[in-house]
Amino acid sequence: MTVPVWMLLGFAAWTVVLLMATVGIYRWTRILTGTARIASFRTDQIEGAGWYQRGIRAHANCIENLPVFGAIVLALQVGNVAGTIVDGLSIAILGARIVQSLVHVCFVQTDAMVSIRFGFFSVQIVSFICLVAIIVIKLGGSA
């Protein structure tokens, strides 16, 4: 497997780990200790500890960006586009996603924390744009 495919797999695995480490732990400890019913967690109502609420949002952020990264990696694979820059950008995407999620879940979201989180989000967006540009440049003449 190529580095971008490994990073995509890592992104998907991180999405599952984040879900289980935040939403899963919060809900299942309450269900198993009898402090909440399994049907008591509503999606249309904000509830729970701050870290739990941030965990829900961090997981949703992963879900929102996973298909974007997946489409880019698919285009890289289909177009046979590779190289050290592609690998580096793919690694940067996963690394920045993990740090962004951790900052989101682990810290109260002050202006400073949101700025740090946004910085890591920006690394992902710039990396996505660069990868798309590389694909277009590399394959643009073959269309």
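For the structure, check the block above.
Since the model is a prediction, treat every value here as computed from it, not as a measurement.

Participant: Before we go on, may I ask you to explain the pattern of salt bridges in this structure?
Facilitator: Between side chains of opposite charge, pairing is possible as soon as their charged atoms come close. All told, the structure shown has one salt bridge when counted by the stated rule. Residues Arg57 and Glu64 are paired through a salt bridge, measuring 3.0 Å at the closest nitrogen-oxygen approach. Take Arg57: its relative accessible area is 38%, and that puts it in the partly exposed class.

Participant: Before we go on, may I ask you to explain helix α2 (residues 50-78) in this structure?
Facilitator: Two residues of an α-helix separated by three or four positions point the same way, owing to the 3.6 residues in each turn. With 29 residues, α2 ought to run about 42 Å at 1.5 Å a step, and its terminal C-alpha atoms sit 42 Å apart, in line with that. Its axis deflected by about 30 degrees at Asn65, α2 carries its strongest bend there, up to four residues before the proline Pro67. Within the span of α2, buried status applies to Tyr52, Arg54, Gly55, Ala58, His59, Asn61, Cys62, Asn65, Phe69, Ile72, Val73 and Leu76. Among the residues trailing α2, Asn80 stands out with phi positive, at a value near 55 degrees.

Participant: In this structure, what is going on with the packing of aromatic side chains? I would like to understand it.
Facilitator: What characterises a pair of aromatic rings is the spacing of the ring centres plus the angle enclosed by the ring planes. Following the criterion strictly, the structure yields five aromatic pairs and no others. Ring geometry for Phe69 and Phe128: centres 6.0 Å apart, planes at 35 degrees, overall tilted. Note that Phe69 is positioned in helix α2 and Phe128 in helix α4 (residues 111-140), a separation of 59 residues in sequence. The same class applies to Phe69 as to Phe128, namely buried. Judged by centre distance (6.3 Å) and plane angle (40 degrees), the ring pair of Phe118 and Phe121 falls under tilted. Here the residue Phe118 and the residue Phe121 both occupy positions in helix α4, the gap between them amounting to three residues, near one helical turn. The ring of Tyr26 carries Arg30 above its face, with NZ or CZ at 3.6 Å from the centroid.

Basis of the calculations
In this convention, every chain numbers its residues from 1, walking through the sequence in written order. Whole-chain, interface and lining totals are the exception, using all residues; otherwise, since this is a predicted model, local features are given only for residues with pLDDT of at least 70 and side-chain atom pairs are given and counted only at 80 or more. Note: side-chain values were computed over all heavy atoms of the structure, leaving out hydrogens and water. What makes a salt bridge here is a side-chain nitrogen of Lys or Arg within 4 Å of a carboxyl oxygen of Asp or Glu, nothing more. Relative accessibility thresholds used throughout: buried, under 20% of the residue-type maximum; exposed, over 50%; partly exposed, between the two (1.4 Å probe, protein chains only). Helix numbers and strand numbers start at the N terminus; a helix is a DSSP run of H or I with at least 4 residues, a strand a run of E with at least 2. Expected helix span is taken as 1.5 Å per residue step, with the number of steps being one fewer than the number of residues. The angle separating two fitted axes, one through the seven residues that finish at a residue and one through the seven that start at it, defines the bend at that residue. Only centres within 6.5 Å qualify two rings of Phe, Tyr or Trp (six-membered ring in Trp) as a pair; their planes then separate them into stacked at under 30 degrees, edge-to-face at over 60, and tilted for everything else. Whether a charge sits over a ring comes down to the Lys NZ or Arg CZ being within 6 Å of the ring centre and within 35 degrees of the ring normal.

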